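One-letter residues, chain by chain:
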Amino acid sequence: MPKSLGGQWLLITALVLAVSLALLGTWQLTQYRLLLVNRITEDLTRQAFLAVQLVDAGFNETQAQELALKVRAAIQAEVTFVSLDGSVLADTSRAGLPPGNPLDRPEVAAALRDGVGTDTHSDQVHAAILSRHTDGSPRGVILLSLNLRDVDAPLVRLRWQVAAGSGLVIVLVAVVCMVYAGNISKR
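Residues numbered from 1 in each chain as written. Predicted model: local features only at pLDDT ≥ 70, side-chain atom pairs only at ≥ 80, totals over all residues. Heavy atoms only, no water.

J.: How do you make sense of the overall build of the protein chain when you look at a structure like this?
T.: Summing up its helical and strand segments, the protein chain has four helices and five strands in all. Taken from N to C terminus, the helices and strands of the protein chain fall in the order α-α-β-β-α-β-β-β-α. Looking at the 187 residues of the protein chain, the share that counts as buried comes to 35%. Taking the contacts inside the protein chain whose residues are at least 6 apart along the sequence as the reference set, 51% of them involve residues at least 24 apart. Put simply, the protein chain shows about 11300 Å² of open surface, and 61% of that area lies on carbon and sulfur atoms. (Helix = DSSP H or I, 4+ residues; strand = E, 2+ residues; numbered from the N terminus. Buried < 20%, exposed > 50% of the residue type's maximum accessible area, 1.4 Å probe, protein only. Contact = heavy atoms within 4.5 Å. Areas by Shrake-Rupley, 256 points an atom, 1.4 Å probe, with all protein chains shown as cover.)

Laid out in structure tokens, this is it:
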């Protein structure tokens, strides 16, 4: 610890500044992730509208799984067709939907009510669109799901880099302050 009052104030100020920069960097990364998730949700919703057009053009309940796989290949997201009674007609995800009635999911309920619904569950973004028959009556819900792990991996690396850089700045500032304070106290 520096012996002079000026050196102590310089050390404290530099440390507060370095910690503040680290916290600001972490906050910025969190805001950036929220922005990315919102952008991904918007894109997934647009893709869901395209999926509805593909499904409405050639939907046949006996070939639902085959059509779901074609839609998945076209839009690069997991696809689930849910009937109005809650039964799953087709699902391309390996894990499948969680147990329970899919109609109870917030995005599916919003799609049934408003025509479109989105939600983010832990590490996935979901967009649901109400599909209609040619006469306008509801047919079912098309649910698209996209995993966020691919988005989070680079952000985690960046967060570690910000933390390591902040730690390095704190150490360098402490060393410089100690040297500076030592020079002042020798005078």
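Picking up after the structure, the text goes on.
J.: Teacher, can you tell me more about the confidence of the model for the protein chain here?
T.: Low-pLDDT portions of the prediction should not be read for the details of their coordinates. Of the residues in the protein chain, 87% reach a pLDDT of 70 or more, and the chain-wide mean stands at 79. Least confident of the elements in the protein chain is helix H4 (residues 149–186), whose mean pLDDT is 75; most confident is helix H3 (residues 106–114), at 92. (pLDDT = per-residue confidence, 0-100.)

J.: What should I look at first to understand the environment of Leu23 in this one?
T.: Summarising the element assignment, Leu23 is placed in helix H1 (residues 5–58). Spatially, the C-alpha atom of Leu23 lies 9.4 Å from that of Val162, the residues being 139 residues apart in sequence.

J.: Help me out: how do you make sense of the pattern of salt bridges in this one?
T.: Side chains bearing opposite charge may pair, as long as their charged atoms lie close to each other. Taken as a whole, this structure holds four salt bridges when the rule is applied. Arg105 is the salt-bridge partner of Glu107, the closest N and O atoms lying 2.7 Å from each other. Here Glu107 matches Arg105 in class, with each residue buried. Measuring nitrogen to oxygen at the nearest pair gives 3.0 Å for the salt bridge that ties Arg149 to Asp123. (Salt bridge = Lys/Arg side-chain N within 4 Å of Asp/Glu carboxyl O.)

J.: How do you make sense of helix H2 (residues 64–75) when you look at a structure like this?
T.: Every α-helix carries 3.6 residues per turn, so stepping three or four residues along brings you back to the same face. Counted at 1.5 Å a residue, the expected span for H2 with its twelve residues is 16 Å, and the 16 Å between its end C-alpha atoms agrees. The set of residues buried in H2 consists of Ala64, Leu67, Ala68, Val71 and Ile75. The arc that holds the buried residues of H2, viewed along the axis, is 105°, so those residues lie on one side. Opposite the buried face of H2, by more than 90 degrees, sit the exposed residues Lys70 and Ala73. Positive backbone phi, at 60°, marks Gln76, one or two positions downstream of H2. (Expected span 1.5 Å × (residues − 1). Arc of directions from axis to C-beta.)

J.: Is there a simple way to think about the nonpolar core in this case?
T.: Generally speaking, soluble globular proteins have nonpolar side chains that are buried together. The biggest cluster of nonpolar side chains holds 25 residues, and the ones touching the most others in it are Ile75, Val79, Phe81, Ile142 and Leu144. Of all elements in the fold, only H1, H2, strand S1 (78–83), strand S4 (124–132), strand S5 (138–147) and H4 reach the threshold of two or more residues within this core. (Core = buried A, V, L, I, M, F, W, Y, C linked by side-chain atoms within 4.5 Å.)

J.: Whenever I open this one, the sheet that holds S5 confuses me. Can you help?
T.: Hydrogen bonds between backbone atoms are what pair the strands of a sheet, whose relative direction is either parallel or antiparallel. As summarised here, the arrangement of the five strands in space is S2-S1-S5-S4-S3, forming an open sheet in which the pairing is antiparallel. If you trace the sheet from one side to the other, it starts and ends with strand S2 (88–91) and strand S3 (116–121), each paired once. The average angle at which neighbouring strand axes cross in this sheet is 15°, direction not considered. Sheet topology places S4 next to S5; nine bridges connect them, and they run antiparallel. Counted as the bridge partner of Ser131 is Gly140 from S5. Sitting on the sheet, H2 touches S1, S2 and S5, and the angle it makes with S1 is about 145°. Packed on one face of the sheet, H3 meets S3, S4 and S5 and runs near 170° to S3. (Pairing = 2+ DSSP bridges. Axes fitted to C-alpha atoms, helices over the stretch in contact; angles between N-to-C directions.)

J.: It is not clear to me how the side chain of Asp91 should be interpreted in this structure. Could you clarify?
T.: Relative to the helices and strands, Asp91 is located in strand S2. A relative accessible area of 18% places Asp91 in the buried class.

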